[in-house]
Amino acid sequence: MSGADTRAGSSAEARPVTVSRLGAARLDQAVLEALERLPDPLWIWDCDAATVIWTNAAASGLWQGARRDIDEVAGSEVSPVTRRRLAAFRRRAEQGEDVVEIWSEPVLAGGAKPRCRYRALRSALGHRALLVAPVPDGTTLAPPLVPAAGLLAAQNAVLTLIARGAGIARTLDRVVELLEEQIVGAVPMAALLDPVSGRLVPVAARGIGDRLAACLDSEALACPTTPLSAAALRGAPILIADLATEEWSSALGHAVAAEGLRACWAQPVLDQAGDAVGVIAVFSAEARMPGEAELALLDGFGAIAAIAIERHRKDEALNAANERLASLAENLPGVIYQRVVRPDGDIRYTYISEGTRDMFGVSPEEVLADPRVLFACHGPDYSRDFRDNLIQASRELRMWDVEAQIITRDGKQRWTHAIAKPSLQPDGSVVWDGIILDATRLKQANLELAAVNRAKTDFLANVSHELRTPLNAIIGFSEMMREEAFGPLGDGKYREYINDIHDSGSHLLRLINDILDLSKIESGKADLADEVIDLARVMRACVRIVAERAEEGGIALNSDIAPGLKAIRGDERKMKQILINLLSNAIKFTTAGGRVEATVGLLASGEIEFAVADTGIGIAAEDIPRVTEPFVQVDSGLDRRYEGTGLGLTLTKAMTEQHGGRLEIESAVGAGTTVRVVLPADRVVG
């Protein structure tokens, strides 16, 4: 503390006691003289020195004959509310505001607590001072005005925090701090609404005691007990001039009474949908409603808090998504990566997961620093064309789907399957988002399966070859006996038996031939003998072969070739087998009175279409994919009505694909079947 005791008595005796101090401050002597003559008590506090520097005669006895500096008075002789108001006033005065007015109840001589008005007073040197004047009992003090410039600066301060990515607690704490500065004597707080529990959770508060904080903590909106939860539930401000006259919870009443608080103004923080996401509240020791400026302040900070909370929720959602993605990337049995291929051919990885350690034996950090570390693990065949293939795929923006052999850093051989999707960037770079899977077990299984298939094919080919020789002898001798080339057989039963032997042998030979053909195709040993095929001649020959069976079954058989379509290029024997298989199947599964039609035409795409349509029993939709599998018959029971090996459509599909074509089946149970063989346009001759 500084200065001598304040003198009581006459006006002359009440002249400023620290003349040198006043001289330094250069307070206007004319103003002081005018104040001296006033009958009301007046004193001046110097905000810079935090000291009482002048009193008039009427006020000289109020401070018990001694000046006190503000901090001492505020620390021992004023209420918590007054301490907050004085501290807020000093901050505002130091910020250069020209007119600030607050009020409080300092403890003066004899325990008196006059309500006092504080107004800023500027000295000639720019120092700040408080001119203090008690006001008569019953005087209504108007709410202080919030300067527009101060409000704008405060809002900008919070927006700057949001833009810099400050946490929600720090941002809302700044909102509360600014409210305390802008509304003199305010006891502000901010709470977030927990979307899961539906409770308000206090995040920032200034000057709120433990008792009130406990009352407000985790308050449920479903049963509002304070103005804060009521404002959040209604989505509209709740303004209470005097909590003592309102029926809220007894806990709230006791808490605010203990802290000397009367008014509560609760402003809900609403998101874009109009739903409450939090609450900003201001408690006050003055039993009054907020002024228009204070309402605007609450509304403005409510909007800014909504931005902060929305940003906070989006950040939380983004962080959660990033954590899930990171967890997924680290736990997937493979490697997730993002690489960039620049227009100049430079290849870089912008992200690669920890799976590189297990799969390649190299760390993600090494790959990010130099992708050649990863490329060095490529097998010889893959490494030779990798760069050229990747750059070409980047130009064409086509999917990267590659199976390749790699050699890990410790020398282990593995197979990988890489799949990636490209996206073109504005600068011409191509970003690849992809995954590399360990395909070693699958590759080994496929190799083993291929070996088994080759063994099966070789076995069938060998067995079939061994069977064909005796079968040819059986068929040949049975034909000679059926024709009685060396004399009559005698009993008629012998002729019947010989016919059965011949038919059975012929059927078995056809089966063996089909197996041999299928084995050759699967092993890649069946070559195409391409030649020019006369379509009309081939169609007549095939129809003639099956015509007798159609006639015996009472089935109408028709054929047609599109005008102008004379010849195609293909393997004539295989094309005949394709048509005969399709015609035979159609006749076999069509009942008496039905019809079978074989047509050849050109599609709009220029492709050639062979179609065989029947009015037979049809195929169920779920069985269509199965009928082209080897040895599969839809009617597969022991009592099935239709004979066959189940290889006809399998061979037909395989021979069609040998010609570069495709097999299409359209059918419905009871509505017949249409099978189409479509060959490429480049097989048309002429």
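Residues numbered from 1 in each chain as written. Predicted model: local features only at pLDDT ≥ 70, side-chain atom pairs only at ≥ 80, totals over all residues. Heavy atoms only, no water.

Asks: An account of the overall build of the chain is requested, with residue identities and associated values reported.
Replies: On a plain count of helices and strands, the chain comes out with 19 helices and 24 strands. Every one of the 686 residues in the chain was classed for burial, and the buried ones make up 43%. In the chain, of all internal contacts separated by at least 6 residues, the share reaching a separation of at least 24 is 57%. Within the structure as shown, the chain displays about 35,000 Å² of accessible surface, and the carbon and sulfur contribution to it stands at 53%. (Helix = DSSP H or I, 4+ residues; strand = E, 2+ residues; numbered from the N terminus. Buried < 20%, exposed > 50% of the residue type's maximum accessible area, 1.4 Å probe, protein only. Contact = heavy atoms within 4.5 Å. Areas by Shrake-Rupley, 256 points an atom, 1.4 Å probe, with all protein chains shown as cover.)

Asks: For the nonpolar core, give the residues involved together with the corresponding values.
Replies: Ranked by size, the top nonpolar core spans 37 residues in total, and within it Ile568, Leu583 and Phe610 carry the most contacts. Breaking this core down by element, the ones donating at least two residues are α16 (492-523), α17 (535-552), α18 (572-588), β20 (595-602), β21 (608-614), α19 (648-658) and β23 (672-679). Contact partners of isoleucine 568, with chain neighbours within four places excluded, come to Glu531, Val532, Ile533, Leu535, Met575, Ile608, Phe610, Leu679, Arg683 and Val685. Grouped together as the second largest cluster of nonpolar side chains are 28 residues, Val175, Leu178, Leu179 and Val282 included. (Core = buried A, V, L, I, M, F, W, Y, C linked by side-chain atoms within 4.5 Å.)

Asks: So, the pattern of salt bridges: which residues are in play, and what are the values?
Replies: Side-chain pairs of opposite charge can arise where the charged atoms are in close proximity. A full pass over the atoms with the stated rule returns 25 salt bridges. Residues glutamate 354 and arginine 357 are paired through a salt bridge, measuring 2.5 Å at the closest nitrogen-oxygen approach. Taking the relative accessible area as the measure of exposure, glutamate 354 reaches 30% and is therefore partly exposed. Looking at arginine 357, the relative accessible area reads 40%, which means it is partly exposed. For the salt bridge of arginine 662 with glutamate 607, the shortest nitrogen-to-oxygen distance reads 3.0 Å. Within this pair, whereas arginine 662 is found in strand β22 (residues 662-668), its partner glutamate 607 is found in the loop between β20 and β21, the two being separated by 55 residues in sequence. (Salt bridge = Lys/Arg side-chain N within 4 Å of Asp/Glu carboxyl O.)

Asks: Requested: an account of the sheet that holds strand β13 (residues 347-352), with residues and values cited.
Replies: With antiparallel pairing, 5 strands are arranged side by side in an open sheet as β13-β12-β16-β15-β14. Edge positions in the sheet fall to β13 and β14 (400-407), since each of these pairs with one other strand and no more. Each strand axis lies, on average, 30° off the axis of its neighbour in the sheet, ignoring direction. As paired strands, strand β12 (residues 334-341) and strand β16 (residues 430-438) are joined by 8 bridges and run antiparallel to one another. In the sheet register, tyrosine 337 faces β16, and the bridge partner there is glycine 434. Against the sheet, helix α14 (residues 380-396) makes contact with β12, β13, β14 and β16, and its axis sits at roughly 155° relative to β14, the strand it touches most. (Pairing = 2+ DSSP bridges. Axes fitted to C-alpha atoms, helices over the stretch in contact; angles between N-to-C directions.)

Asks: Please give an account of helix α9 (residues 250-258) that cites residues and values.
Replies: Since the α-helix turns once every 3.6 residues, residues separated by three or four places project in the same direction. When we look at burial in α9, the residues that qualify are Leu252, Ala255 and Val256. The buried residues of α9 occupy an angular sector of 90° when projected down its axis, which confines them to one face. Pointing more than 90 degrees away from the buried face of α9 are the exposed residues Ser250, Ala257 and Ala258. Buried residues in α9 make contact with α7 (210-216), α8 (227-234) and β11 (276-284). Just beyond α9, the residue with positive phi is glycine 260, at close to 70°. (Arc of directions from axis to C-beta.)

Asks: Quick one: what's the story with α18, residue by residue and with numbers?
Replies: Between its terminal C-alpha atoms α18 stretches 24 Å, which fits the 24 Å expected from 17 residues at 1.5 Å a residue. Along α18, 12 of the 17 residues are buried, which leaves the element largely enclosed by surrounding structure. Near the N-terminus of α18, the side chain that reaches the backbone nitrogen of arginine 573, with its oxygen 3.2 Å away, is that of aspartate 571. (Expected span 1.5 Å × (residues − 1). Polar contact = N/O pair within 3.5 Å; in protein donor to acceptor, adjacent residues only side chain to side chain.)

Asks: Talk me through the environment of alanine 232; I want residue IDs and the actual numbers.
Replies: Mapped onto the elements of the fold, alanine 232 is located in helix α8. Here alanine 232 falls in the buried class, since its relative accessible area comes to 8%. Once the C-alpha coordinates of alanine 232 and leucine 200 are considered, the two residues, 32 residues apart in sequence, prove to be 8.7 Å apart.

Asks: Kindly report on the sheet that holds β22, identifying the contributing residues and their values.
Replies: Pairing is mixed across the open sheet formed by 5 strands, whose spatial order is β18-β20-β21-β23-β22. The sheet is open, and its two borders are formed by β18 (556-561) and β22, each paired with just one other strand. Averaged over all neighbouring strand pairs, the angle between strand axes comes to 10°, with direction disregarded. In this sheet, β23 lies alongside β21 in antiparallel orientation, the contact comprising 7 bridges. Bridged to isoleucine 608 within β23 is leucine 679. Against the sheet, α17 touches β18, β20 and β21, its axis set at about 175° to β18. The strands touched by α19 are β22 and β23; relative to β22, the strand with the most contacts, the crossing angle is about 140°.

Asks: I'd like a rundown of the packing of aromatic side chains, residues and numbers included.
Replies: The tally for this structure, following the rule as stated, stands at 6 aromatic pairs. Relative to phenylalanine 386, the ring of phenylalanine 375 has its centre 5.0 Å away and its plane inclined at 50°; by these criteria the two rings are tilted. Of this pair, phenylalanine 375 sits in helix α13 (residues 372-375) while phenylalanine 386 is found in helix α14, placing the two residues 11 residues apart along the sequence. Where tryptophan 400 meets tryptophan 432, the ring centres are 6.3 Å apart and the plane angle is 70°; that geometry is what we call edge-to-face. In this pair, tryptophan 400 is assigned in strand β14 and tryptophan 432 in strand β16, connecting sequence segments 32 residues apart. (Phe/Tyr/Trp six-rings, centres within 6.5 Å; stacked < 30°, edge-to-face > 60°.)

Asks: Give a description of the packing of helix α6 (residues 168-182) against helix α10 (residues 292-331) that names residues and reports values.
Replies: Viewed as axis vectors pointing N to C, α6 and α10 meet at an angle of 170°, and their least axial separation amounts to 10 Å. Classified by the interaxial angle, the pair formed by α6 and α10 is roughly antiparallel. On α10, the residues touching Ile168, Thr171, Leu172, Val175, Leu178, Leu179 and Gln182 of α6 are Leu297, Leu298, Phe301, Ala305, Ala308, Ile309 and His312. Taken together, the residues of the contact of α6 with α10 sort by class into 11 nonpolar, 3 polar and no charged. (Parallel < 35°, antiparallel > 145°, perpendicular 65-115°, else oblique. Nonpolar A, V, L, I, M, F, W, Y, C, P; charged D, E, K, R; others polar.)

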